[in-house]
Structures are given as structure tokens and as C-alpha cells.
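Here's the letter readout for the chains.
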Amino acid sequence: MEASTSSAAVARQTWEIENNIPMDTPSGDSDAIFEYDDAAQSAILQQKPWTRDPHYFKNVKISALALLKMVVHARSGGTIEIMGLMQGKTDGETIIIMDAFALPVEGTETRVNAQADAYEYMVQYSQTNKQVGRLENVVGWYHSHPGYGCWLSGIDVSTQMLNQTYQEPFLAVVIDPTRTVSAGKVEIGAFRTYPQGHKPPDEPPSEYQTIPLNKIEDFGVHYKQYYSLDITYFKSTLDSHLLDLLWNKYWVNTLSSSPLLGNRDYVAGQVADLAEKLEQAESQLAHSGRMGGFFMPVQRKKEEESQLAKISRDSSKITVEQLHGLMSQVIKDTLFNSVTPATTALGLSLDMSGPEPMVET
Amino acid sequence: MSSSSGLTFKLHPLVIVNISDHYTRIKAQQSGSAPRPLPPAPRVYGCVLGVQTGRTVEIFNSFELHYDATKNVLDRAFLESKQEQYKKVFPKYDVLGWYSTGSDIQDSDMLIHKALTDINESPVYLLLNPTINHAQKDLPISIFESELHVIEGVPSLIFVNASYTIETVEAERISVDHVAHIKPSDGSSAATQLAAHLTGMHSAIKMLNSRIRVLHHHLVSIQKGEVPYEHSLLRQVSSLVRRLPAIDSSRFQDDFVMEYNDTLLMTYLATITKCSSTMNELVDKFNTAYDKQNRRPGHSTFI
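In this text the structure is predicted, and so the values were computed from the model without any measurement.

A.B. asks: I would appreciate a short explanation of the overall build of chain B in the present structure.
C.D. replies: What chain B contains, in helices and strands, is eight helices and ten strands. Per-residue burial for chain B yields a buried fraction of 41% across its 303 residues. Sequence-distant contacts, at least 24 apart, represent 59% of the contacts inside chain B between residues at least 6 apart. Accessible area for chain B stands at about 17100 Å²; split by element, carbon and sulfur atoms hold 57% of it.

A.B. asks: Would you explain the packing of helix H13 (residues 307-337) of chain A against helix H7 (residues 250-289) of chain B in this entry?
C.D. replies: Geometry of a packed helix pair, given as the angle between the helix axes and the separation of the axes. Across the interface, H13(A) lies against H7(B) with an axial gap of 9 Å and an inter-helix angle of 155 degrees. Classified by the angle between their axes, H13(A) and H7(B) sit roughly antiparallel to one another. Judged by the sense of rotation from one axis to the other, the crossing of H13(A) with H7(B) is left-handed. Taken together, the residues that form the contact of H13(A) with H7(B) break down as twelve nonpolar, 13 polar and four charged.

A.B. asks: Can you walk me through the interface of chain B and chain A in this structure?
C.D. replies: The accessible area lost on association of the parts is a frequent measure of interface size. Each side of the interface is counted separately: chain B has 101 residues, and chain A has 99 residues. For the pairing of chain B and chain A, the buried interface totals around 10000 Å² over both sides, and the portion due to carbon and sulfur atoms is 68%. On inspection of chain B and its partner chain A, the count reaches one salt bridge. If you list the elements that add at least two residues to the side of chain B that touches chain A, you get helix H1 (13-33), helix H2 (76-89), strand E10 (164-166), helix H4 (170-181), helix H5 (190-224), H7 and helix H8 (291-294) of chain B. The biggest single contributor to the side of chain B that touches chain A is H5(B), with 19 residues.

A.B. asks: Would you take a moment to explain empty space enclosed by the protein for this structure?
C.D. replies: It is a probe the size of a water molecule, rolled over the atoms, that shows where empty space is left. Using the criterion set out here, one finds five cavities of 30 Å³ or more in the structure. By volume, the largest cavity amounts to about 470 Å³. Taken together, 30 residues form the lining of the largest cavity, with Ala183(A), Gly184(A), Lys185(A), Arg173(B) and His197(B) sitting closest to its centre. When contributions to the lining of the largest cavity are tallied by element, the ones reaching two or more residues are helix H7 (177-183), helix H10 (259-262) and H13 of chain A together with H4 and H5 of chain B. With six residues, the single largest contributor to the lining of the largest cavity is H5(B). Residues belonging to the lining of the largest cavity are distributed by class as follows: nine nonpolar, 15 polar and six charged. Space inside the second largest cavity adds up to approximately 90 Å³. Lining the second largest cavity, in full, are Arg179(A), Thr210(A), Ile211(A), Pro212(A), Gln270(A), Asp273(A), Leu274(A), Lys277(A), Asp314(A), Lys317(A), Ile318(A) and Glu321(A). Secondary structure elements with two or more residues in the lining of the second largest cavity: helix H11 (264-291) and H13 of chain A. Across the lining of the second largest cavity, the residue classes tally to four nonpolar, two polar and six charged.

A.B. asks: Got a minute to help me understand H2(B) in this structure?
C.D. replies: For an α-helix, 3.6 residues make a turn, and residues three or four places apart therefore share a direction. Helix length check: H2(B) (14 residues) gives 20 Å between terminal C-alpha atoms against 20 Å at 1.5 Å per residue, within 8%. Within H2(B) the residues assigned to the buried category are Phe78(B), Leu79(B), Ser81(B), Lys82(B), Gln85(B), Tyr86(B) and Val89(B).

A.B. asks: Help me out: how do you make sense of the pairing of strand E5 (residues 171-175) of chain A in this one?
C.D. replies: A regular strand places its side chains on the two faces of the sheet in alternate fashion. Residue and element names in this part refer to chain A. Most of E5 sits out of view: five of its five residues are buried. In E5, alternate side chains face the same way, and those of Leu171, Val173 and Ile175 on one face and Ala172 and Val174 on the other are all buried. Assessed by its sense of winding, the connection that carries the chain from strand E4 (residues 137-144) through helix H6 (residues 154-166) to E5 is right-handed. With four bridges connecting them, E5 and strand E6 (residues 188-193) associate as antiparallel partners. Bridge assignment links Val173 to a residue of E6, and that residue is Ala190.

A.B. asks: Just checking my understanding: could you explain the sheet that holds strand E3 (residues 56-64) of chain B for this structure?
C.D. replies: For sheets, the rule is that strands pair by backbone hydrogen bonds, running either parallel or antiparallel. Strand order across the open sheet formed by eight strands is E9-E8-E7-E6-E2-E3-E1-E10 (chain B), with mixed pairing between neighbours. On the outer flanks of this sheet lie strand E9 (154-162) and E10 of chain B, each paired with one strand and no other. Neighbour to neighbour, the strand axes of the sheet diverge by 35 degrees on average, direction disregarded. Note: strand E2 (residues 45-53) of chain B against E3(B), eight bridges, orientation antiparallel. Opposite Val48(B), over in E3(B), you have Ser62(B) as the bridge partner. Its contacts with the sheet place helix H9 (residues 237-256) of chain A against strand E7 (124-128) and E10 of chain B, and it is angled at close to 95 degrees to E10(B). On top of the sheet, helix H3 (residues 107-115) of chain B reaches E2, strand E6 (94-101), E7, strand E8 (141-151) and E9 of chain B; it is set at about 95 degrees to E9(B), its chief contact.

A.B. asks: When you look at the environment of Leu194(B) in this model, what are you seeing that I'm missing?
C.D. replies: When you line up the elements, Leu194(B) lands in helix H5. For Leu194(B), a relative accessible area of 31% gives the class partly exposed. For the pair Leu194(B) and Ala115(B), spaced 79 residues apart in sequence, the C-alpha to C-alpha distance is 52 Å. Leave out the neighbours within four places in its chain, and Leu194(B) touches His324(A) and Met327(A).

The rules behind these values
Residues numbered from 1 in each chain as written. Chains lettered and ligands numbered in written order. Predicted model: local features only at pLDDT ≥ 70, side-chain atom pairs only at ≥ 80, totals over all residues. Heavy atoms only, no water. Helix = DSSP H or I, 4+ residues; strand = E, 2+ residues; numbered from the N terminus. Buried < 20%, exposed > 50% of the residue type's maximum accessible area, 1.4 Å probe, protein only. Contact = heavy atoms within 4.5 Å. Areas by Shrake-Rupley, 256 points an atom, 1.4 Å probe, with all protein chains shown as cover. Axes fitted to C-alpha atoms, helices over the stretch in contact; angles between N-to-C directions. Parallel < 35°, antiparallel > 145°, perpendicular 65-115°, else oblique. Left-handed = near helix turned anticlockwise from the far one by under 90°. Nonpolar A, V, L, I, M, F, W, Y, C, P; charged D, E, K, R; others polar. Buried area = accessible area lost by both parts, 1.4 Å probe. Salt bridge = Lys/Arg side-chain N within 4 Å of Asp/Glu carboxyl O. 1 Å grid on protein atoms, 1.4 Å probe; cavity = no way out; pocket = protein on both sides within 12 Å on 5 of 7 lines; lining within 4 Å. Points joined across faces, edges and corners; volume = space filled by probe spheres on them. Expected span 1.5 Å × (residues − 1). Right-handed = clockwise from strand over helix to strand, strands pointing away. Pairing = 2+ DSSP bridges.

Structural measurements only, silent on function.
Quick look at the structure:
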């Protein structure tokens, strides 16, 4: 028992060093982030440093609690988009998210009506929260894009631009719960829009993600109007301690999770979407290949990878996720199914050194 | 003494993180303004929400309560407005009980417990011990139920300990994992993703292995006679061993092989797509390279 926890700690430290993650300052200080200084926050609100630079905020720090709440809420919505608000404060160029709460409205196209209802709920919730020590103000909103990636749609962009005019500082966060479960890592993005007419400097496109065909137009039209911020997470010392201990209990869930079963619909949808994209690409390439063969190479020099390359990347990604799921299934099968009654007698007396399969067939 | 009501309790990690955050927040706010040495850690109170189906009580979420410790008064209006708010967003969850922090049960706790009985006839009480004790391997959380016991001829309500299990939804597990172990968030390359996934499986299996080793060690010492013979334990171990193989039917094998084949098919398709994309690029490059030779009219196609 001791060996496993200390080797896990060693592995984590090695990983942290390799990836240049700043080590948390020892216990007393890391909890300082939870203190709320009302005077300092009001002073910042008076100064409004963000009005001078549209690209002012560059980082986001999300607390463990906020992340957990948002992901659970997003997943509970299933295929329906959900939304909620986030509370926190600012710290120089970083927006710190301490907490999040869900709003009793579903993401629909007619967002304007929802805002009025949500506003009432928000005011009431903030008031009750202040009584129990949650002193932070609302600094952003989050919503989910189940299955189609983390980016801002046209309506999202206009909502956010409105927010950034009247409720600064404000942040938009998008979560994709379906892809989270499928990929095994949290799909989340934090964005801020540029003011109307602002020409952003030519930044390299952020981490590539697949967008389904029916949404790709919406994505393409607006992607230059906002930029994404880097996200880091933090947790309190008590949180870390509890989460470490929690591992002792939920390793069972890790083993028993089967992503393949849960994500069948999503995977099927992705494959179908890829098929459609392939058809589109085929017609496009066939058309341009023959007569434009001479002109194309010149134009395409500065363009991003061709349609077909993008599709092959998407297909690799979805296949890799599927393979991961299958690997888990095979491991579990070897572990638990490869025992036959004849070998159980031997099972107990086997030498159990190291992480070898426990029973040999 | 342990609970005899036969209810099984399931706890979600979100509740644990909620309570921990509530406590840290209050502590930080108090210590931020108070002079050193710090005042003793405050107790925080809240309600737990969840679903009770039959004999299983599953605790999903929680929210804070306003409790005046000096006057021992629970703010009812606050509780009700919070309850209403949470009902709007999570209509399926009911108030199942309450929580507080501290190292042990106190007498005042029973008063709060009784106050909540009008919302839920048999509320649960969740106690979290926020003192960080690194030697401790178990979660410092205990769940108590209230039971009517006759003590010295007087029937009274006392708290009895109940056991619980941790339950997670897949998304919850991934985000807890993400925050706890700081998994690589930009693992865009397939290699890092694979490594992360397999490391997770490996750690889980290592835990399983170590637990089984403990059992094995115990059994060996029973065999040697060092530890007294315990029938119930042996019965449990024997039933555990007899559970393997976990599933051994032909239908499972068929389904398993089919899923395996589906995945192989996907891999095949993906490889073909990649292949055709590479071919396409090759042809394009070839065309570009040999372009000049094609400009002259009447010239036959290149080869």
C-alpha cells in the first residue's frame, strides 16, 4: 500500500517537473486564494484595465469545485445544452473562477428570453450565497456543446459581446461532456470576444478539433471574433488531501468504467459525419483536380491542410478513442475471465510480484 | 455501533469537494482578517441532496446552510429558499440530510438533526473531519443515521455509524482524476493520450493487486495459525474466488468478439482514409513537380 502511493507521488512529481508546472507553495499559502478582499476587488472594478487592451485577460484559473460542478451539470443535461454562471474574481491578467452554479434554463436559440428568468435566479442565488460566505461576484457564464466541441457559436459570440459591454469582467466557458467521456480527458475552453471591428493579430489557430458538418459554417464565420485563454486548475490543501484518499475508494470505478458502451451513439454519429465530409471532399477534389491542377498549387501554398488531411486526422482521433475503450475491455477480460476452474487451485499460490496478470491461463 | 437499518449509502465525490471548499472558504475568510494565532477552525453546516430509491440512498450534491452557532438557531427561510432554487435546476434531488465538519459528533448536532426531520423523516448526517492527518489512509468522512434505542429504560435517538461506498458518473470520475492527478490537458499527441489512459488503468490494477496481496497474506497467516480462524471471512474470500471467471457465456464471447471486430473495422477504415489522403498529396506533389513539362501544347502526358 505504501509503495503504491509513494510511487504514484513520485510519478506525479516527475510529470510535473517535465511539464514545468509550478509547484504549489507549501500548505499555508496555497489556500490564500480563497480569501476574498472586497476593497481590492472594488478598486480593480473602478480602474477597468481591460478597456485599454482587448486582449487583456490571458489566463483562467478554475477551482476543482467549479470544474466538477460544471462537468457534472453538463453531463446531466445529456444531449441538451445547459448553461450556468461562474463566480470568482480577477487577479491581474488572470480571471479566477471559484465556484459555478447552474441556471434553470436550457440553452435554446431564443437566448434573450432566457436571460430575464436567469437574471432573477442569479440575483436571488448570489444574495443567499453571500450569507454563507460566498462573497465573490459573477464573473462569467458557461454552457455546454454536447458532442460538437468547445467553441463559440454565432449566438454565443453576440451574447458574450453584450456581456463584455455591460458586465465586465466577464468570461465565456464552453464544456463538451460527450467528448470528455469519449476521450477520457476534460474538454473545456475559455473565451473572450474582441470588440466589434477589432482586427486581431494573426494568431496561429489553437488546438485543432473536429466540428460536425452541420456546425462548421457557424464555426468558420465567427472564429476570428474571439480568442481562447489558457486554463489551469487549482485546489485547496484539504481538497488535495481528500482527493488523494478518494483514490483509495474509486480505483474500482476506474477499472469498471467502460467508455465503449456509454458512447456508442456519439461514435456512430462521428463516423456518419466523417462519411459526409468525405463525400464533400471527394466532389471538391475531383472538380478541382482535373482542370485546376495548374492553378491550385499556387493558391494553396498558404492555406491550411487540405480537406482530406483534416478528415484523416479526425478519423484517426475517433479511432484512437475507440481503441482505448477496447483496450480497457481486453484488459478486464484477461484479468477476470481467463480463469478456468482447473487453475483456481493454482491461483492462490502464484507468485504475485509486480503488475503481471494475476492468473495465468 | 453500526447501523442496522439495512440502507446502503452511495456518496458522490462532488459532495466531498463541496464541503471541503465550504470549509476552506470560511476558514480563509476568518483567518484573513483575524490576528495570529488563528482562531479554532469553524464548523460549517449544510444540506445534502440526492435520490432515495428503495433501500439505496445516493447522495449527489450539497449546499450550504445558515446556522447561528451561538443561538443554536437554524435559518429556516434560508433553507427553504435554497431548496427551491436547487429544485428548479435539479428537480430529481430531494433533501436527504445534512452535513457538518468536525472531528466528532456533538450534542448540539442532535438538535439540528431533529429540526430536519420535518423535511425528511430519517435524515442522514455526514461528518467530515477537516484535520489533515497524513497517516490516515481512510476517507475522514462518516455517515450517521439516527436510530431509536432504549438506553437505561429511556427511548432516545442516537447516532449510529453507517457504511457507504463512493459512486461516480463517468464524467465525474474523469474530472476528479483530472484535478487530482493533473493529467496532461494538452495531450494532443496520441502517444501522451495513450500513456495517460494506460497509466490510469495500471494504477487501478496495482491497487487491486495490493488489496489481494493483503488478503492473501492474511490467509497465509491463518493457515500458519498466527491469526485466529474466522469463518465469515473465509466464506467471503471463498465466494469472491468463486466469482471468477466473471462472465463465461457464449453470448458474451460473441458480443465481445463482435465489438472487437467493429473496432478493427474502424481502424481499417481510418487507415484507408489516411492512405488515400497521403496518396492524394503524393499525386498533387507529383503534378506540381512535373508541371512545367506539361505546359507545352501537344505534349503527351508525363510518365
